[in-house]
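# Structural overview for review
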Amino acid sequence: LQTMSGNEDDWLALKPQAPSPSQCCGSGCKPCIYDVYEKELAQWERAKAKQDKSLLVEKKKQSNNSELNPDTFTAFNISSVEQLTEDTYQYKFELPGNSSLRLSLGQHIVLRGMVNGLEFQRAYTPISPGNAEGYFEVLMKCYEAGLMSQYIKTWKKGDTVFWRGPFGGFPYRPNKHGELLMLASGTGLTPMLPILRSITDDEADETFVTLVGCFRTFEKIYLKPLLQDLARYWNIRIFYVLSQETSLEKLPWSYQENTYTGRLNEDLMKTIVNSCRRKPFVLICGSSAFNEDMSRYLKAAGIEENSCFVF
């Protein structure tokens, strides 16, 4: 009997742990961390029923071959850390040789964090071009009380972190939409950039784009040089809405004519939608409150729900 219970303990030690809610990033990944758990649990149950531990061998929690994978976490090294604003950083990660992540547009990847033994996961969209070779870059905002932020703040060049993916994405096709209206709040800018870049890189793509970036102050606008470059293209317009600026006088003159102060409200939305050159298809990315507000304002401006995509 003794050996039986000892054996039972062995099997219990091998049983996969159910994820805690903090480990799910809530972005609708396929497979979600819960799907991965269900799969591992079924595998464990089969192995236990047959009393054959070798059936568990294929269970691998992470890999080091630097190939991004949706099921398992892969180790990537940080090659540079750049602070963009007081709470926003741009991180560059190494890819072996001249390989690339090969993400489709607006796809996100999931980061695993660990603080005081608690594991959690969050989704981020790389801002580097999908075909960038040998590296990928991610823009991250750190929040005072955020668990992931506590973890990210400790990162230095040369550290190793774990990602899995890719997931989601917007199924963009050149010239499918006459005009894209992109509504982005803060780091909600990130899934818009690969789509913008693909349009400007493709001479045959004549899609108009109106990007509306919502930030608190002028200082808080991310990636200004990149946005200014993109705005030089004939088919790209960029507007800024700065909720905590009261006047445009202190802004550089090149920003004054395409910047609004205050919040992006229903009236401003109508103005922007009416200024679009063609009936727009709308992409939205921000906090859940931002996304809900935008959907409401768009409806008031006559844009149907089936003409919107929320990241």
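Residues numbered from 1 in each chain as written. Predicted model: local features only at pLDDT ≥ 70, side-chain atom pairs only at ≥ 80, totals over all residues. Heavy atoms only, no water.

The protein chain has the name NADH-cytochrome b5 reductase-like in an unreviewed UniProt entry, where Sula dactylatra is given as its organism. The record in UniProt for the protein chain states the following under Function (unreviewed entry): "NADH-cytochrome b5 reductases are involved in desaturation and elongation of fatty acids, cholesterol biosynthesis, drug metabolism, and, in erythrocyte, methemoglobin reduction." In its Sequence similarities (unreviewed entry) section, the UniProt record describing the protein chain reads: "Belongs to the flavoprotein pyridine nucleotide cytochrome reductase family." (UniProt positions renumbered as here; feature names shortened; annotations may be inferred.)

Glancing now at the domain arrangement of the protein chain. If you check the domain split of the protein chain, you get domain 1 (74–167) and domain 2 (179–305). On a C-alpha basis, the centres of domain 1 and domain 2 stand 25 Å from each other. Of the residues lining the interface, 15 residues belong to domain 1; the matching set on domain 2 comes to 13 residues. Between domain 1 and domain 2 the total buried area reaches about 1,200 Å² when both faces are included, carbon and sulfur atoms providing 67% of it. Summed over the three residues of domain 1 that lose the most area to domain 2, namely L105, I127 and L139, the buried surface amounts to 39% of that side. For the pair domain 1 and domain 2, the interface holds one salt bridge. Across the salt bridge formed by K220 and E86, the nearest N and O atoms sit 3.2 Å from each other. (Domains from an automatic or database assignment. Contact = heavy atoms within 4.5 Å. Buried area = accessible area lost by both parts, 1.4 Å probe. Salt bridge = Lys/Arg side-chain N within 4 Å of Asp/Glu carboxyl O.)

With that settled, consider the nonpolar core. By size, the foremost hydrophobic cluster in this structure holds 32 residues, and its most contacted members are L180, M182, I195 and L211. Those elements giving two or more residues to this core turn out to be β8 (179–185), α4 (192–201), β9 (208–215), α5 (224–230), β10 (236–242) and β12 (280–285). If you tally residues by element for this core, the top one is α4, at five residues. Mapped onto the domain boundaries, this core takes at least three residues apiece from domain 1 (74–167) and domain 2 (179–305). For M182, the contacting residues outside a window of four places in its chain are M192, I195, L196, V209, T210, L211, V212 and L283. Counting residues in each nonpolar core, the second largest holds 24 residues, with L95, L101, V115 and W155 among its members. (Core = buried A, V, L, I, M, F, W, Y, C linked by side-chain atoms within 4.5 Å. Buried < 20%, exposed > 50% of the residue type's maximum accessible area, 1.4 Å probe, protein only. Helix = DSSP H or I, 4+ residues; strand = E, 2+ residues; numbered from the N terminus.)

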